[in-house]
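# Fold and contact review
Here's the letter readout for the chains.
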Number of protein chains: 2
Amino acid sequence: MATVKPSLAKGTRDFSPAEMLKRNYIFNTLKRVFKKYGYSEIQTPSFENLQTLTGKYGDEGDQLIFKILNSGDYLSKAPNDLLESKSSTKLISLISEKALRYDLTVPFARYVVMHQNDISLPFKRFQIQPVWRADRPQRGRYREFYQCDVDVVGSESLLNEAEFILIYHEALKNLGLQDFTIKINNRKILSGIAEIIGKPELIVDMTVAIDKLDKIGLEGVNKELLGRGFTAADLEILRPIILLEGSNLKKLSALKHVLSNSEIGLKGIAEIEESFDYISKLDSSNEVLNQFVEVDITLARGLNYYTGCIFEVKTNEVAMGSIGGGGRYDDLTGMFGLKGLTGVGVSFGADRIYDVLEELNLYPEAKGDFTKLLIVNFDKETESFTLPLLNRLRKANIAVELYPTAAKLKKQMSYADSKGIPFVLLIGEEEVSSGQLSLKDMQTGDQRKIDESSLIVELS
Amino acid sequence: MATVKPSLAKGTRDFSPAEMLKRNYIFNTLKRVFKKYGYSEIQTPSFENLQTLTGKYGDEGDQLIFKILNSGDYLSKAPNDLLESKSSTKLISLISEKALRYDLTVPFARYVVMHQNDISLPFKRFQIQPVWRADRPQRGRYREFYQCDVDVVGSESLLNEAEFILIYHEALKNLGLQDFTIKINNRKILSGIAEIIGKPELIVDMTVAIDKLDKIGLEGVNKELLGRGFTAADLEILRPIILLEGSNLKKLSALKHVLSNSEIGLKGIAEIEESFDYISKLDSSNEVLNQFVEVDITLARGLNYYTGCIFEVKTNEVAMGSIGGGGRYDDLTGMFGLKGLTGVGVSFGADRIYDVLEELNLYPEAKGDFTKLLIVNFDKETESFTLPLLNRLRKANIAVELYPTAAKLKKQMSYADSKGIPFVLLIGEEEVSSGQLSLKDMQTGDQRKIDESSLIVELS
């Protein structure tokens, strides 16, 4: 077996104990909130049949799906002409029938269709699993990363939209974030705008352009709109809409005026208003609506996909892209033959949230998750005392280790130090005979005598 | 987008909310025990560079590794002659540079080598992640399944072996199992036996044969040994060893006699004795050693790999193969150029444990994990009462849902029923005006009046 200098596959990461602790803290906080709102966890397999995934993410997406090579003599049935002409793309489906999950949405749609007889609608599920994309890796972009999705299918009620806003608010607050914005828009409003301009067929071009307002400003947006088939007269109509300002109430009222001739546009506004009405009744302090929610009609993410409300969340405490998003889609399961099932859901960007909490120093101390006490191993003789003690401490549910050999004290202390173990118990001949143990606090360096029962109380 | 009738990739599974709950119960129980013994969680990526994995699992294993097709024009650099001759095996490394994790051990070895400057030895880690194998799927064998590994590297102390036996005992007891056997053997004892027969080169043949004692009996084993190069005289020496009976003490004492001329054999016995000595001191009741541990020299799993103690665990309450196993390996990281690092570890078979708990009906009731209360939605008017109530109950940390629309009562009750929600709150005009809510217990069918504060106490 030749020696291989080990390396990670490009775009992937190991997670050390300290990183796992922080990631689990985020996931567990999210899960608690999801469960409180009635969502249950499911998991789907890491790979799906290739045909389940292809054609769902556009041509570009299809390229980024990781395909798994068939096992065995995978070339045996490959046509000679494809091999000779090195037709990589055409050959794929002949040598690969499985692929890694690209997101959690398509596997969820497959799940709903396959389990439609076992689940009762509305079906509320969350799912926290890795996905894989053959993107070019760069800072903050990985080929393996976790998605945290929470969706409900089979319910048209806008109570769901309202609750997702509360879920975002509660989850991010629980993670210690103070200042963030939950942006809301509605696909129907965008359709309405395209309609009143008289260019409904250009809705995608329009939204792609105005979505860039933050980055390129009004002048940039206008330039792009002109390039995409809009006229100077169209820009005149669009300008007040794009530059909409003031409170949510004011924005909605202005929009109602502009869109008064568009049935679909008014429907979009009414949907936002109904969601807000639900939130007001749920949260009578109106804190969530007034401080955290912002109507933003330049928000257009996933337009090909969403049919109703669209969400996006960003933190205002750290410079960072969006840390979450979602919306309503009216035909999630149609691609698998189950028509007319509406759904709405949001997603949390775990990797970005990880970085935000790191930068704001919001991780709680790692209480209880790591070893709390290291018993120093002096020599073989004292093991007759330390081993039963070790067992009693564990019976009291304390995470404790005995250093496995009588190594030099310095080495044992440095082990405790590097592992972040907060207390060290020193037991030599004197401690064995008196029963008074020496407890060292690794943070302060203080050392004091303590008996076993007080030790258990202190560490529990 | 053509409609695809959805199906799962062969050998993979979805996990429903009820299944996730049970799986999480197992994983969380194991994690608690691992942490108490000083083990910390790590995770490694789902795919590794192909060269990290190949050559580590034997030829048969290499075939079962799922390879990921390179992205883009993967055929462009493939030599024409390999394509023309359809040389599937030779082509692999030219069109695939990544592969799915086959087990947790090799990625762990890579992790240790790559992070050797950040970790302090002994390094105690656990890892619970899926692995993938291109095996032919059959009942109980999947292409994606979870492994739960707990290992320590960098410590020769047999305290580690002793603690793994205690970890098995405590974890399985915590899961509710009463009667199970932790079998222990030592590779050095097997070497010693091969040595006294004078055929050390046949150690693998010998152990493969005697490993089958349970299945094919002594006669079958003898037949196989004769076929593998042993003589009738060898069988005479082997017979009393294979049929070793009685207490662990008796077995070890008989073995000492048989192996008195084999230094390595005696070393193996001494290692088991020292582990047992540690256990006796830790668990002074000797319950673990006397009731749960059995010396079994026919145990030979992973022989090419293990160099010291070997473990295997089986339950005696249900007919099922082993539910765990492990051992000591003296050169885990040598394959990646870091020599001389010893390790010992065990693994829990999560899928089999899942089935065992199912069969013995050992899962606790799903308290707190699912929605506890459904508020029935009567009409739009009562929402002014039910929405603020919903929010207050959630603020009291109760998992509660309001049915999102005023659907027929029967439909709402059947939703609660199918989701296993234990209580339903009925709020109509009368309840709104009196403040006395109607609480229905879905299990008993009883219905009674309750005020909000009593409800919170009852459901908390």
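It should be noted that the structure appears before, not after, this text.
Everything quoted here is computed from the prediction, not taken from an experiment.

Along its length, chain A carries 19 helices and 16 strands. Dimensions of chain A, computed from the C-alpha atoms along their principal axes, are close to 95 × 70 × 50 Å. Long-range contacts, defined here as pairs at least 24 residues apart, represent 68% of the contacts in chain A between residues at least 6 apart. Surface summary for chain A: the accessible area is close to 19,500 Å², and the carbon and sulfur share equals 48%. Each charge class in chain A was averaged separately, 57 positive and 64 negative side chains, and the resulting centres sit 3 Å apart.

All right, on to the relation of the copies chain B and chain A then. For the pair chain B and chain A, the best superposition has an RMSD of 0.1 Å and corresponds to a rotation of 180° with a translation of 0.0 Å parallel to the axis. With respect to symmetry, the two chain copies, as superposed, fit the operation of a two-fold axis. Within chain B, the C-alpha atom positioned nearest to the axis of rotation is that of B:Ile68, 2.2 Å from it. Mapped onto chain A, 100% of the interface residues of chain B again fall at the interface, so both copies present the same surface.

All names here are of chain A. Burial analysis of strand β6 (residues 144–153) places 10 of its 10 residues in the buried class, which makes it a mostly covered element. Alternating residues of β6 divide into Glu144, Tyr146, Cys148, Val150 and Val152 and Phe145, Gln147, Asp149, Asp151 and Val153, and every residue in both groups is buried. Note: strand β5 (residues 123–132) against β6, 10 bridges, orientation antiparallel. Directly across from Gln127, in β6, lies its bridge partner Asp149. For β6 and strand β11 (residues 343–348), the ladder comprises 6 bridges, and the chain directions are antiparallel.

Residue and element names in this part refer to chain B. In space, the 5 strands of this open sheet follow the order β13-β12-β14-β15-β16, with mixed pairing throughout. Looking at strand neighbours, the two that pair on one side only are β13 (400–402) and β16 (447–450), the edges of this open sheet. With strand direction ignored, the average angle separating the axes of adjacent strands in the sheet is 25°. Taken together, the 3 bridges between strand β12 (residues 373–375) and strand β14 (residues 423–426) define a ladder with parallel strand orientation.

In this section: the interface of chain B and chain A. Each partner contributes residues to the interface: chain B has 110 residues there, and chain A has 110 residues. Buried surface at the junction of chain B and chain A, both sides included, amounts to about 9,500 Å², of which 57% is carbon and sulfur. A per-residue breakdown of the area chain B buries against chain A is headed by B:Lys36, B:Lys86 and B:Arg394, which together make up 7% of the total. Counting every contact that joins chain B to chain A gives 8 salt bridges.

The rules we used
- Residues numbered from 1 in each chain as written.
- Chains lettered and ligands numbered in written order.
- Predicted model: local features only at pLDDT ≥ 70, side-chain atom pairs only at ≥ 80, totals over all residues.
- Heavy atoms only, no water.
- Helix = DSSP H or I, 4+ residues; strand = E, 2+ residues; numbered from the N terminus.
- Contact = heavy atoms within 4.5 Å.
- Areas by Shrake-Rupley, 256 points an atom, 1.4 Å probe, with all protein chains shown as cover.
- Lys, Arg positive; Asp, Glu negative; His and termini not counted.
- Charge placed at Lys NZ, Arg CZ, Asp CG, Glu CD.
- Least-squares fit on C-alpha atoms with pLDDT ≥ 70 in both.
- Buried < 20%, exposed > 50% of the residue type's maximum accessible area, 1.4 Å probe, protein only.
- Pairing = 2+ DSSP bridges.
- Axes fitted to C-alpha atoms, helices over the stretch in contact; angles between N-to-C directions.
- Buried area = accessible area lost by both parts, 1.4 Å probe.
- Salt bridge = Lys/Arg side-chain N within 4 Å of Asp/Glu carboxyl O.

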